[in-house]
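Results of the structural survey
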Amino acid sequence: MVRADTVAAQSDTGSVPRNRESILDVRGFVSQTSWQYSQAMATPHASDRLRYVTANFELLQGLAVLPAVSWVALAMTWSADWLPGGWVLAAAAPAALATVAALRHYRNRYGQVRARRRDGGDLAAVAPVAALLVVAAITGRVGESLPVSLPVIVLGAAAVAAHRWHRPLAPALTLVGAAGLVVGLVPLAGPGAPHSLTGTEHWILAYCTGAAAVLAWGHVVLRRTLTVAGAAER
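So, how was this worked out
- Residues numbered from 1 in each chain as written.
- Predicted model: local features only at pLDDT ≥ 70, side-chain atom pairs only at ≥ 80, totals over all residues.
- Heavy atoms only, no water.
- Core = buried A, V, L, I, M, F, W, Y, C linked by side-chain atoms within 4.5 Å.
- Buried < 20%, exposed > 50% of the residue type's maximum accessible area, 1.4 Å probe, protein only.
- Helix = DSSP H or I, 4+ residues; strand = E, 2+ residues; numbered from the N terminus.
- Contact = heavy atoms within 4.5 Å.
- Axes fitted to C-alpha atoms, helices over the stretch in contact; angles between N-to-C directions.
- Parallel < 35°, antiparallel > 145°, perpendicular 65-115°, else oblique.
- Left-handed = near helix turned anticlockwise from the far one by under 90°.
- Nonpolar A, V, L, I, M, F, W, Y, C, P; charged D, E, K, R; others polar.
- pLDDT = per-residue confidence, 0-100.
- Salt bridge = Lys/Arg side-chain N within 4 Å of Asp/Glu carboxyl O.
- Expected span 1.5 Å × (residues − 1).
- Bend = angle between axes of the 7 residues up to and from the residue.

**Let's talk about the nonpolar core**
The biggest cluster of nonpolar side chains holds 15 residues, and the ones touching the most others in it are Val53, Leu60, Tyr106, Leu169, Leu173, Val214 and Leu222. Counting residues per element, the ones that place at least two in this core are helix 3 (44-55), helix 5 (85-110), helix 8 (170-185) and helix 9 (200-233). The contacts of Leu169, once residues within four sequence positions are left out, are Tyr52, Leu60, Val214, Trp217, Gly218 and Val221. Leu66, Ala75, Val88 and Leu215 belong to the second-largest nonpolar core, a separate cluster that totals nine residues.

Structure below.
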């Protein structure tokens, strides 16, 4: 394996071989590396991933959404009387600035990818999440006295099921969903006592925690996919 730093060091010291065979070896290595990248992107799995990233480019900008999710989680800790309200107000401006900085980072590094969507495409992307939160809120009211957390169970099951439509996010969705199902089913407050995550602010805090993990993984998927695609084009 050829290390880039080794090649750079040799170039700086003037010790790079100058005979014809060495030059041909370097050219062969570069050609082979480019071919490997092209072959990697030519596989069906890589092509599907690239299409997914292109179609969901805005939704995969996890670093831009994480500040807002973190701020909501902070607001829920205040609602649960775990934190003074002043912290929530103080964090609003930094969260907004972090979002703007993240959006600028994505724009400068990857440009703007706007996939062709059918009419109502944005609504179709948001509606399932909104409906899921409504169902979680309803189940929270219905199961307030249960030793299990119905909202967390609903959210966990939805995360596990969502990997069918979001294959590149499957590792994060499956892990978060499984964790939600376990936490929701275990009577954290003891047998017969209401579950600790049945309250509205509690299950929303749990949702924000899981969403943060999925958003972080989405950023990783976006970065890796576009980096490999860019290398293949070169």
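**What to know about the packing of helix 7 (residues 150-162) against helix 8**
It is at 7 Å that the axes of helix 7 and helix 8 come closest, and there the two elements cross at 155 degrees. The orientation of helix 7 with respect to helix 8, classified from their angle, is roughly antiparallel. Between helix 7 and helix 8 lies a crossing whose hand is left-handed. Between helix 7 and helix 8, the contacting residues are Val152, Ile153, Gly156, Ala157, Ala159, Val160 and Ala162 on the first element and Leu173, Thr174, Gly177, Ala178, Gly180, Leu181, Gly184 and Leu185 on the second. Of the residues that constitute the contact of helix 7 with helix 8, the class distribution is ten nonpolar, five polar and no charged.

**What to know about the confidence of the model for the chain**
Residue-level pLDDT values for the chain average 79, and 73% of them are 70 or greater. A low-confidence stretch, residues 1-44 (pLDDT under 50), is modelled with 19 contacts involving residues beyond four sequence positions or located in other chains.

**A look at the pattern of salt bridges**
Summed over all chains, the structure comprises two salt bridges. With a shortest N-O distance of 3.3 Å, Arg141 and Glu144 are connected by a salt bridge. Assessed through its relative accessible area of 60%, Arg141 is described here as exposed.

**Notes on helix 5**
With 26 residues, helix 5 should cover 38 Å at 1.5 Å per step; its first-to-last C-alpha distance of 37 Å lies within 8% of that length. Of all bends in helix 5, the biggest is about 30 degrees, found at Ala92, and the proline Pro94 comes one to four residues later. When we look at burial in helix 5, the residues that qualify are Val88, Ala95, Thr99, Ala102, Tyr106 and Tyr110. One or two positions beyond helix 5, positive phi appears at Gly111, with a value near 75 degrees.

**What about the side chain of Thr77?**
With respect to the element layout, Thr77 can be found in helix 4 (residues 62-79). Among the residues examined, Thr77 registers a relative accessible area of 14% and is labelled buried. In this structure, Thr77 is in contact with Trp82, Leu83 and Leu205, ignoring residues within four places of it in sequence.

**Let's talk about the environment of Trp78**
Note that Trp78 resides in helix 4. Residue Trp78 is classed as partly exposed on the basis of its relative accessible area of 45%. For the pair formed by Trp78 and Glu201, sequence separation is 123 residues and the distance between their alpha carbons is 9.0 Å. Those residues in contact with Trp78, other than ones at most four positions away along the chain, are Leu83, Pro84, Gly85 and Val88.

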